[in-house]
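# Understanding the architecture of this molecule
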Amino acid sequence: MFKLINLYFIASMALFFTACTSTNFSNHNRVNSINNYIDLSKANKQFTSDNCAFSSYILNTSSPEYGDIFIEQVSLHSNCEWNGFQRSYFDDLFKEKNAIKTMVALERLDFKSHEFSTYLINDKYIVNLIYEFWGNENKFIVDYKGKLFTKMIRQFDISYKNKYLDKPRFSLNYNSSLVNQNIIKNYFNQEFEALD
């Protein structure tokens, strides 16, 4: 009986500390989230659906400070996984849906749970992509003016200078979704456990 109580106590403590640790980790990583810069609570989200995704959406928003911004949030169930690199899938779909001939990475900066990329589109226009990721949640942000991009990077690197801000900017409004395209493109799928 004592062994059973001891085992129950150890299991309970392990569960308690694991829950606390993962909550702190999640909150720590989200300090520099887009939600701290733009109020998305009233934004007109277009919810997207797939059997692997939940609370996923796309939205186009605009603010006087940052200009036009596109966001896609992809949240996968814990029994689903990506079949490749998430940002590359987004880049490819963005290029395809906008009929872009060339999309060359000029700059890429990696920080905890964030990746910032600057692209040269069709040899003449600049666009910025912010990629946020936590576990099975991914957020892809197209920043057409580059102002949000610059401000978010400066939270990680105060000395960052965006040398592309005054260059001609790509301005076509993107409105596609990895989640909605998953049935055709197979970006992610459900993991199946082998039966013994």
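See the structure printed just above.
The shown structure was predicted, so the numbers you read here are calculated from the model rather than taken from an experiment.

### Concerning the packing of helix H2 (residues 86-97) against helix H4 (residues 178-185)
- Look at H2 against H4: their axes get within 12 Å of each other, and the N-to-C directions meet at 90 degrees. Taken together, the axes of H2 and H4 are roughly perpendicular relative to one another. Here Tyr89, Phe90, Leu93, Glu96 and Lys97 of H2 lie close against H4, whose contacting residues are Leu178, Gln181 and Lys185.
- Along the lines of polarity and charge, the residues of the contact of H2 with H4 split into four nonpolar, one polar and three charged.

### Side note on empty space enclosed by the protein
- A complete count under the given rule lists one cavity of 30 Å³ or more for this structure.
- Considered as a void within the structure, the largest cavity measures approximately 40 Å³ in volume.
- For the largest cavity, the full set of lining residues is Phe90, Asp91, Phe94, Met103, Tyr119, Val127, Asn128, Leu129 and Val142.
- Breaking the lining of the largest cavity down by element, the ones donating at least two residues are H2 and strand S7 (125-134).
- Taken together, the residues of the lining of the largest cavity break down into seven nonpolar, one polar and one charged.

### A few points about the packing of aromatic side chains
- A complete count under the given rule lists 19 aromatic pairs for this structure.
- Residues tryptophan 82 and phenylalanine 188 carry aromatic rings whose centres are separated by 5.1 Å and whose planes lie at 80 degrees to one another, so their mutual orientation is edge-to-face. You can see tryptophan 82 sitting in strand S4 (residues 80-82) and its partner phenylalanine 188 sitting in strand S9 (residues 188-190), a full 106 residues away along the chain.
- For phenylalanine 188, a relative accessible area of 1% translates into the label buried.
- Through successive ring pairs, a cluster of aromatic residues spans Phe70, Phe85, Phe90, Phe94, Tyr131, Phe133, Phe140, Phe170 and Tyr174.
- For lysine 45, the ring lying beneath its charged end belongs to tyrosine 57, and the centroid distance is 4.6 Å.

### As for the pattern of salt bridges
- If you walk through the whole model with that rule in mind, you get five salt bridges.
- Taking the shortest distance from any N to any O, the salt bridge between glutamate 115 and arginine 87 comes out at 2.2 Å. With glutamate 115 in strand S6 (residues 114-121) and arginine 87 in helix H2, this residue pair connects regions lying 28 residues apart in the sequence.
- Using a relative accessible area of 8% as the deciding quantity, one classes glutamate 115 as buried.
- Among the residues examined, arginine 87 registers a relative accessible area of 9% and is labelled buried.
- The salt bridge involving lysine 185 is made with glutamate 96; its shortest N-O contact spans 2.7 Å. Residue lysine 185 is located in helix H4, and its partner glutamate 96 is located in helix H2; the two are separated by 89 residues in the primary sequence.
- Judged by its relative accessible area of 32%, lysine 185 is partly exposed.
- For glutamate 96, a relative accessible area of 43% translates into the label partly exposed.

### Quick word on the environment of glycine 146
- As for its position among the elements, glycine 146 is in the loop between strand S8 (137-143) and helix H3 (147-156).
- Judged by relative accessible area, which is 0%, glycine 146 ranks as buried.
- Leave out the neighbours within four places in its chain, and glycine 146 touches Asn128, Asn162, Leu165 and Arg169.

### Re the sheet that holds strand S2 (residues 57-63)
- Read from one edge of the open sheet, seven strands run S1-S2-S3-S8-S7-S6-S5, paired in antiparallel fashion. Since the sheet does not close on itself, it has two edges, and those belong to strand S1 (46-47) and strand S5 (103-111), each with one partner.
- Pairing analysis gives seven bridges linking strand S3 (residues 67-75) to S8, with the strands arranged antiparallel. Bridge pairing in S8 places glutamine 73 opposite lysine 139.

Reading the values: rules and limits
- Residues numbered from 1 in each chain as written.
- Predicted model: local features only at pLDDT ≥ 70, side-chain atom pairs only at ≥ 80, totals over all residues.
- Heavy atoms only, no water.
- Axes fitted to C-alpha atoms, helices over the stretch in contact; angles between N-to-C directions.
- Helix = DSSP H or I, 4+ residues; strand = E, 2+ residues; numbered from the N terminus.
- Parallel < 35°, antiparallel > 145°, perpendicular 65-115°, else oblique.
- Contact = heavy atoms within 4.5 Å.
- Nonpolar A, V, L, I, M, F, W, Y, C, P; charged D, E, K, R; others polar.
- 1 Å grid on protein atoms, 1.4 Å probe; cavity = no way out; pocket = protein on both sides within 12 Å on 5 of 7 lines; lining within 4 Å.
- Points joined across faces, edges and corners; volume = space filled by probe spheres on them.
- Phe/Tyr/Trp six-rings, centres within 6.5 Å; stacked < 30°, edge-to-face > 60°.
- Buried < 20%, exposed > 50% of the residue type's maximum accessible area, 1.4 Å probe, protein only.
- Lys NZ or Arg CZ within 6 Å of the ring centre and 35° of its normal.
- Salt bridge = Lys/Arg side-chain N within 4 Å of Asp/Glu carboxyl O.
- Pairing = 2+ DSSP bridges.

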